[in-house]
Amino acid sequence: MKKNRVSIITLGCSKNTVESETVAGLFIKNGFEITDNLKETDNIIIHTCSFIQDAQEESHNQINYAGELKEKNPDLKIFVSGCLSQLLQDKMMDKYPFIDGYVGTGNYYGIVDLIKKKRFFANTSCAGGVQNFKTRVLSGTSSSTYIKISEGCTHRCSYCIIPKLRGNLVSRTIKSVTDEAKALAAAGIRELNIIAQETTSYGLDIYGELSLAKLLRKLSEIKDLKWIRLLYAYPSTINKELLDTIYENENICNYIDIPIQHISKNVLKNMKRPLNTRKIIEYIKTKYPEIILRTSLITGFPGETGHDFNEMVSFVKENYFEHIGIFGYSDQELAPSYKMKNKISREVIEKRKEILAEEQFKNILKNNSLKIGKTFEILPEYVYGNKIFARAYFQAPEIDTAVIINKKENIRLGNFTKVTIKGYKNYDLYAERATQLLS
């Protein structure tokens, strides 16, 4: 008898990827077959994102495409999970009458039972399957992956609807996270990227105190984990204990992703973000100069003046950040900023993005030039053409630059290897093999 086939389409960030991998494991456990072939599958699951307007549009487009496939194959079942379902709730079926069911963010793993039963909407707002990792099936072939340590958020940034979609902070226990990390290491994972809506509030809800440092120390004891990397850190919940923990443990990368969003106190106040952001960044780079920083910036927030923007440009010029993600403000109808006055035109937003990108590109060229002749340990991940693409400790997966090596070097993918930087082209570094290391 042919297995019931399921295709899972994951949209949005790495947090959604982890959720989809967990759901894939549940499907397999329940006797389903996972397939990437949308034209021959029996069920399509679309795990959606709605963080910004572009993400919502991508989710809508993907659902409509699935609807087109269903017109050709009426037996095809379509289910939607995640943030868009949570956002639209009871409007979902009105907008998409051709779908067969949908669940929100609170128990996305319920999609497995949904396929067996009838359409419904699960209106729970947080936590979901955050504790349920035992069924997780990794979707990639790399020796690097993500681990989700909590759900929801304690903060209420005025431009963000994540708390409406994901609820308040719900942390996993240290044991739950470390048990999953050990299982991942046993499966061949060597780099673990720590993710959550914001990682540095971890533990406040269950332990009554910031507990990320304790968690990281436990994870650092897992000998097969070569790199542990911290993403999505919130500025005001970064403390000395955390920084010392990163600095003192060899397998915790000297790397922190801290989305500061802006530097002008005027804009930060309107965003409902920490006003002492500059002080925090300067403290880290003064006391812990070896820690590489990545950030995200938003320009065009309502009320952002030319002076506010120029302050951000000046801050970028100071070159505190090895990597910067630059975004234009995106209106969200349910966010408080939607009702703010003094909106910035799209034309001005795009121009300001260009200016910021140009300044950061100057920093990248300078930073890359300083790496020439230096030797770094890298993780080779994939081959494209005659080039091997790899990353060093100062480069996070998917979002940062790469180290590129000629394929003739015959470096094994997934094996940590030492290379010497010989040059750079735009964003990426070019290297030659130095010494092969045991992984």
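So, how was this worked out
- Residues numbered from 1 in each chain as written.
- Predicted model: local features only at pLDDT ≥ 70, side-chain atom pairs only at ≥ 80, totals over all residues.
- Heavy atoms only, no water.
- Patch = residues over 30% accessible without salt bridge, like charges linked within 9 Å, V, L, I, M, F, W, Y side chains within 5 Å.
- Areas by Shrake-Rupley, 256 points an atom, 1.4 Å probe, with all protein chains shown as cover.
- Salt bridge = Lys/Arg side-chain N within 4 Å of Asp/Glu carboxyl O.
- Buried < 20%, exposed > 50% of the residue type's maximum accessible area, 1.4 Å probe, protein only.
- Pairing = 2+ DSSP bridges.
- Helix = DSSP H or I, 4+ residues; strand = E, 2+ residues; numbered from the N terminus.
- Axes fitted to C-alpha atoms, helices over the stretch in contact; angles between N-to-C directions.
- Contact = heavy atoms within 4.5 Å.
- Disulfide = S-S within 2.5 Å.
- Polar contact = N/O pair within 3.5 Å; in protein donor to acceptor, adjacent residues only side chain to side chain.
- pLDDT = per-residue confidence, 0-100.
- 1 Å grid on protein atoms, 1.4 Å probe; cavity = no way out; pocket = protein on both sides within 12 Å on 5 of 7 lines; lining within 4 Å.
- Points joined across faces, edges and corners; volume = space filled by probe spheres on them.
- Nonpolar A, V, L, I, M, F, W, Y, C, P; charged D, E, K, R; others polar.

1. Brief notes about a nonpolar patch on the surface
A cluster of nonpolar side chains, contributed by I28, I34 and V137, occupies part of the molecular surface with about 210 Å² of accessible area. Overall, V137 belongs to the partly exposed group, its relative accessible area being 34%.

2. What to know about the pattern of salt bridges
Counted according to the given criterion, the structure contains 25 salt bridges. For E209, the salt bridge goes to K214, with nearest N and O atoms at 2.4 Å. Residue E209 is classed as partly exposed on the basis of its relative accessible area, which comes to 36%. Judged by its relative accessible area of 35%, K214 falls in the partly exposed class. One salt bridge connects E318 with R278, and the closest N-O pair in it is separated by 3.2 Å.

3. Description of the sheet that holds strand β12 (residues 292-299)
One open sheet accounts for six strands, arranged β6-β9-β10-β11-β12-β13; its pairing is parallel. In this open sheet, the two strands that pair with only one neighbour each are β6 (144-148) and β13 (323-328). Taking each pair of neighbouring strands and ignoring which way they run, the sheet shows an average axis angle of 20°. Pairing analysis gives four bridges linking strand β9 (residues 191-195) to strand β10 (residues 227-230), with the strands arranged parallel. Residue pairing in the sheet places E191 in a bridge with W227 of β10. Across the sheet, helix α1 (residues 14-29) touches β6 and β9, and the angle it forms with β6 is around 90°.

4. Some thoughts on the state of the cysteines
Under the counting rule described, the total for this entry stands at zero disulfides. No disulfide involves C83; its nearest neighbouring cysteine sulfur is the one of C49, lying 5.7 Å away. Residue C83 is classed as buried on the basis of its relative accessible area, which comes to 5%.

5. With respect to the environment of Q86
Considering the arrangement of structural elements, one finds Q86 in helix α3 (residues 83-88). Here the side chain of Q86 touches T105 through a polar contact of 2.9 Å, landing on its backbone nitrogen.

6. Thoughts on the environment of G106
With respect to the secondary-structure elements, G106 resides in the loop between β5 (101-102) and α5 (111-116). Here G106 falls in the buried class, since its relative accessible area comes to 5%. Between the C-alpha atom of G106 and that of A183, which follows or precedes it by 77 residues, the distance is 25 Å.

7. Here's the deal with the confidence of the model for the protein
Model confidence for the protein is summarised by a mean pLDDT of 89, while 94% of its residues fall at 70 or above. Contacts from residues 124-129, a stretch scored under 50 in pLDDT, to residues over four places away or in other chains number 28 contacts.

8. Brief notes about the layout of surface pockets
By volume, the second largest pocket amounts to about 390 Å³. Forming the walls of the second largest pocket are 13 residues, and the residues nearest its centre are W227, E250, N254, E377 and Y393. For the lining of the second largest pocket, the residue count by class is six nonpolar, three polar and four charged.

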